[in-house]
Amino acid sequence: MNETGDATSMVGDAPALDARRTFPGDPEQCREARLWVRAVMRPFPDAADAVEVVVSEFFGNAVRHTASGEPGGEVAVELSGGDGNPIRLSVVDQGGRSDRPATAARVLAPTLSRPDGRGLFLAAALSSEWGRSPLDGTGSMVTWAEFPADRPDL
């Protein structure tokens with residue numbers, strides 16, 4: 001995978017994605033992650049907006065709820081797929097925070113009385129599938145979502 005924004009290659013008649021970038025675990029870096037995703041997703045305009053919203057939610061959760069948000073923490077963002085396959089967004093955090101207990105990721109129904117907690121609800125609504133799982137016994141977790149690529153803009 002490549003750490004630059006140049007992550008689209010042609011496979012047959014359709015573009016394919018294989019990109020990864022690591023960001024500092026700072027809430028202000030969420031904007032940079034969205035901008036990077038927008039640039040990488042340029043060949044896939046049908047899915048770009050949804051992927052951009054979901055990366056924002058996953059990134060924010062990683063910084064807020066995991067060690068990625070502690071000093072020196074990082075969040076890795078990966079995009080893969082295309083070429084007739086779903087686009088897969090993966091956000092890798094650095095595992096549990098030292099100052100709070102681990103909690104399961106779950107979709108909460110939005111309410112008017114609670115100003116937060118809509119991120120996974122949005123991810124579920126905008127993606128065809130999403131999930132969260134441990135990453136190779138490192139303590140890190142990967143939160144992922146898949147989106148139909150539909151018609152690439154060649």
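In the annotation of an unreviewed UniProt entry, the chain is listed under the name ATP-binding protein and assigned to Nocardiopsis endophytica.

J.: It is not clear to me how the packing of aromatic side chains should be interpreted in this structure. Could you clarify?
T.: Within a pair of aromatic rings, the relevant descriptors are the distance that separates the centres and the angle that separates the planes. Across all of its chains, the model carries two aromatic pairs by this definition. A centroid spacing of 6.2 Å and a plane angle of 70° characterise the contact between Phe-23 and Trp-36, whose relative ring orientation is edge-to-face. Placement of Phe-23 in strand E2 (residues 14-24) and of Trp-36 in helix H1 (residues 29-40) is noted, with a sequence separation of 13 residues between them. Taking the relative accessible area as the measure of exposure, Phe-23 reaches 1% and is therefore buried. A ring pair is formed by Phe-23 and Phe-59, whose centres lie 6.0 Å apart and whose planes are at 80°; its orientation type is edge-to-face.

J.: Is there a simple way to explain helix H2 (residues 45-65) in this structure?
T.: Every α-helix carries 3.6 residues per turn, so stepping three or four residues along brings you back to the same face. The end-to-end C-alpha distance of H2 is 31 Å, a good match for the 30 Å that 21 residues give at a rise of 1.5 Å each. Here H2 has its buried residues at Ala-47, Ala-48, Ala-50, Val-51, Glu-52, Val-54, Val-55, Ser-56, Phe-58, Phe-59, Ala-62 and Val-63.

J.: Looking at this structure, how should I read the packing of H1 against H2?
T.: If you want to describe how two helices pack, look at the angle between their axes and the distance between the axes. Interaxial distance between H1 and H2 falls to 9 Å at its minimum, and their mutual angle equals 150°. In terms of their interaxial angle, H1 and H2 are classed as roughly antiparallel. Every pair of crossing elements has a handedness; the one defined by H1 and H2 is right-handed. When H1 is examined against H2, the residues Gln-29, Cys-30, Ala-33, Arg-34, Val-37 and Arg-38 are found in contact with a partner set consisting of Val-51, Glu-52, Val-55, Ser-56 and Phe-59. When grouped by side-chain class, the residues that make up the contact of H1 with H2 number six nonpolar, two polar and three charged.

J.: Would you explain the pairing of strand E5 (residues 129-134) in this entry?
T.: Within a regular beta strand, the side chains point alternately toward one face of the sheet and then the other, so they alternate between its two faces. Examined bridge by bridge, E5 and strand E6 (residues 141-147) share six bridges and lie antiparallel to one another. Bridged to Trp-130 within E6 is Ala-145. Hairpin geometry of E5 and E6 is characterised by an intervening segment of six residues between the two adjacent antiparallel strands and by a positive phi of about 45° at Asp-136.

J.: When you look at the confidence of the model for the chain in this model, what are you seeing that I'm missing?
T.: When pLDDT drops low, the exact placement of atoms in the prediction is not to be read closely. Across the chain, the average pLDDT comes to 82, with 73% of residues at 70 or higher. Averaged pLDDT values over the elements of the chain bottom out at 50 in strand E1 (residues 8-11) and peak at 97 in H1.

J.: Looking at this structure, I do not really get the side chain of Glu-52. What am I missing?
T.: Topologically, Glu-52 is positioned in helix H2. A distance of 2.7 Å separates a polar atom in the side chain of Glu-52 from a polar atom in the side chain of Arg-38.

The rules behind each value
- Residues numbered from 1 in each chain as written.
- Predicted model: local features only at pLDDT ≥ 70, side-chain atom pairs only at ≥ 80, totals over all residues.
- Heavy atoms only, no water.
- Phe/Tyr/Trp six-rings, centres within 6.5 Å; stacked < 30°, edge-to-face > 60°.
- Helix = DSSP H or I, 4+ residues; strand = E, 2+ residues; numbered from the N terminus.
- Buried < 20%, exposed > 50% of the residue type's maximum accessible area, 1.4 Å probe, protein only.
- Expected span 1.5 Å × (residues − 1).
- Axes fitted to C-alpha atoms, helices over the stretch in contact; angles between N-to-C directions.
- Parallel < 35°, antiparallel > 145°, perpendicular 65-115°, else oblique.
- Left-handed = near helix turned anticlockwise from the far one by under 90°.
- Contact = heavy atoms within 4.5 Å.
- Nonpolar A, V, L, I, M, F, W, Y, C, P; charged D, E, K, R; others polar.
- Pairing = 2+ DSSP bridges.
- pLDDT = per-residue confidence, 0-100.
- Polar contact = N/O pair within 3.5 Å; in protein donor to acceptor, adjacent residues only side chain to side chain.

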